[in-house]
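Summary of the model geometry
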Amino acid sequence: MGFSASAGCAQGGCSLPSRARLTLCCFCRKFTSRDFSYHYEGEQFCISFPEKILPFDPSQWAMAWHKSIIKFYRKRKMNRKYIAILVIGLSLAGGIAHADENSLGPLAKMVGVWEGDKGNDVAPAQKSTGAIGAPAASPYFERISIVPGAGATNASEQDLVTVQYHQEVFRKSDKKKFHDQVGYWIWDKKFNTILHSYCIPRAVCITAEGKLEDPNKFEVGTDRAIAESIFMKNNGTTRMFNMSMAVNGDDMKYNQVILTTIYGKDFSHSDSNTLKRVKQ
Ligand code: HEM
C-alpha cells in the first residue's frame, strides 16, 4: 500500500512503519503529529487522525472496526482500497460525534427530550378574562427538545459551545399550546460563564448570563439584553429576566421570573416546572 515511513511504531503488535506526519497508530496508540492517513499490511489497518478533529484516543472503537472489517474482507475478498475508505469514513464519523459530545462540557447533560406536567405559570390576565392585569395561574405540561448546537468564536477570543432547544408549553385545561420558545444554552469556558439566549413569538428575545458556579445548576439573568417589538416596548415591556435551571441525571427543574410592565403597572410573570428526560 502507498505510505511512506520514518518513525516506526514504538510498541509491539504493529509491524508497520508509521509516516512521519501520522498522529495515531491504532495498534501502537501513538500520537505523533497532525496528519491523516491509513496504512495496511498483512491483516492490519492502521489509521491516523488529526489531533484537532479527535482530541481523544479513538483506539478502542478503531480496534473493533479493524476486526470486523478484516473479517468482512476475508469473506468477500473485497478490494482493499474500498475497505480502507469505509474504515476511515465510519471511524471519522464516529469520532467527530464523540468529540462533539465530549466538548459540550456542563451542557452535555442537557441533551435529550424532556417532559414535565407540573408546570405553573402566573401571567397577567388579558382583557377577555374580565380581570385585566390580575395574576392568572395556569398549570401546564411541556416538552423541551435539546440537541448539540453550533459553536462560535467571538472577537477572536471568546470560544462558545452551545446546545439548542425548542420548548413547547401546553395549558392543562384545554391542552392548547400557549407558549413556544427557541434558543441556546451557551458555555463560555474561558470566562466561566453560562448564557441563555432565546426568542419567543411575542417578538421578544432575551440574552441572560451568569457565572458558572455549580455545574449542575445554572443561574442566569439580565435587565439589559432584551430585544422586543415596538408594540411590546410600548404595551408590555420586559424589564428583567432571571432563571435558575438545575439538571441532575434525568431530572430537570427550572424557575424563572419575567418582570414586565403591562396595563400601567409592574407584573412578576413566573414559570416553574420539573421535567424528566424521556429520550437521550
Ligand atoms: C413557560 C414559559 C411561559 C409561559 C407558560 C407563559 C405564559 C404566558 C401567559 C399565559 C400570558 C398571558 C397572556 C396570554 O394569555 O397570552 C403571558 C404573557 C406574557 N408573557 Fe409569558 N409565558 C412564558 C414565558 C415567557 C417569557 C420567557 C417571556 C419573556 C421573555 C414572557 C413574556 C410575556 C409577556 C411580555 C406577557 C404579556 C403579554 C400580554 O399579556 O399581552 N413569557 N405569558
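Quick look at the overall build of the chain now. Counting its regular elements, the chain contains 3 helices and 14 strands. In the chain, which comprises 280 residues, the proportion classed as buried is 23%.

Time to look at the site of the ligand. Inspection of the region around the ligand gives 21 residues, with Asp121, Ala123, His179, Gly236 and Asp271 positioned closest. Of all the secondary-structure elements, those providing two or more residues to the shell around the ligand are β3 (112-124), β4 (135-148), β7 (177-188), β9 (204-211), β12 (236-248), β13 (251-262) and β14 (265-279). Taken together, the residues of the shell around the ligand break down into 11 nonpolar, 7 polar and 3 charged.

For the rest of this paragraph, the subject is the pairing of β3. When β3 meets β4, the two strands line up antiparallel, connected through 11 bridges. Across the sheet, residue Asn120 finds its bridge partner in β4, namely Pro139.

Another aspect to go through is the confidence of the model for the chain. Taken over all residues, the pLDDT of the chain has a mean of 80, while the share at 70 or more is 64%. Every residue in residues 94-99 scores below 50 in pLDDT, and together they form 11 contacts with partners more than four places removed in sequence or on other chains.

In this model, Asn192 sits at a positive phi of 50°, which is unusual for a non-glycine residue. Of note in the backbone geometry, Ala203 takes a positive phi value of approximately 70° without being a glycine. Assignment of secondary structure puts Ala203 in the loop between β8 (193-200) and β9.

Turning to the pairing of strand β10 (residues 217-222), a few remarks are in order. Residues Phe218, Val220 and Thr222 line the buried face of β10, whereas the alternating positions Lys217, Glu219 and Gly221 sit on a face that is not buried. Direction of pairing for β10 relative to β12: antiparallel, over a ladder of 6 bridges. If you follow Lys217 over to β12, its bridge partner there is Ala246.

This next bit is on the environment of Asn255. By the secondary structure assignment, Asn255 is in strand β13. Put simply, Asn255 and Asp271 are 16 residues apart on the chain and 5.9 Å apart in space, counted from C-alpha to C-alpha. Sequence-distant contacts of Asn255, that is, excluding residues within four places in its chain, are made with Met243, Ser244 and Ser272.

The biggest cluster of nonpolar side chains holds 27 residues, and the ones touching the most others in it are Leu107, Met110, Ile146, Val163, Trp185, Ile194 and Val220. Elements represented by at least two residues in this core include exactly β4, β6 (158-171), β7, β8, β9, β10, β12 and β13. If sequence neighbours within four positions are ignored, Ile146 has contacts with Met110, Val111, Gly112, Val163 and Tyr165.

Along the chain, Asp121 turns up in strand β3. Residue classification places Asp121 among the partly exposed residues on the basis of 19 C-beta atoms within 10 Å. Considered as a pair, Asp121 and Tyr140 are 19 residues apart in the sequence and their alpha carbons are 7.2 Å apart. Setting aside anything within four residues of it in sequence, one finds Asp121 in contact with Ala137, Ser138, Tyr140 and Asp271.

Rules and cut-offs
- Residues numbered from 1 in each chain as written.
- Predicted model: local features only at pLDDT ≥ 70, side-chain atom pairs only at ≥ 80, totals over all residues.
- Helix = DSSP H or I, 4+ residues; strand = E, 2+ residues; numbered from the N terminus.
- Buried ≥ 20, exposed ≤ 12 C-beta atoms within 10 Å, placed from the backbone.
- Near = placed C-beta within 6 Å.
- Nonpolar A, V, L, I, M, F, W, Y, C, P; charged D, E, K, R; others polar.
- Pairing = 2+ DSSP bridges.
- pLDDT = per-residue confidence, 0-100.
- Contact = placed C-beta atoms within 7 Å.
- Core = buried A, V, L, I, M, F, W, Y, C linked by C-beta atoms within 7 Å.

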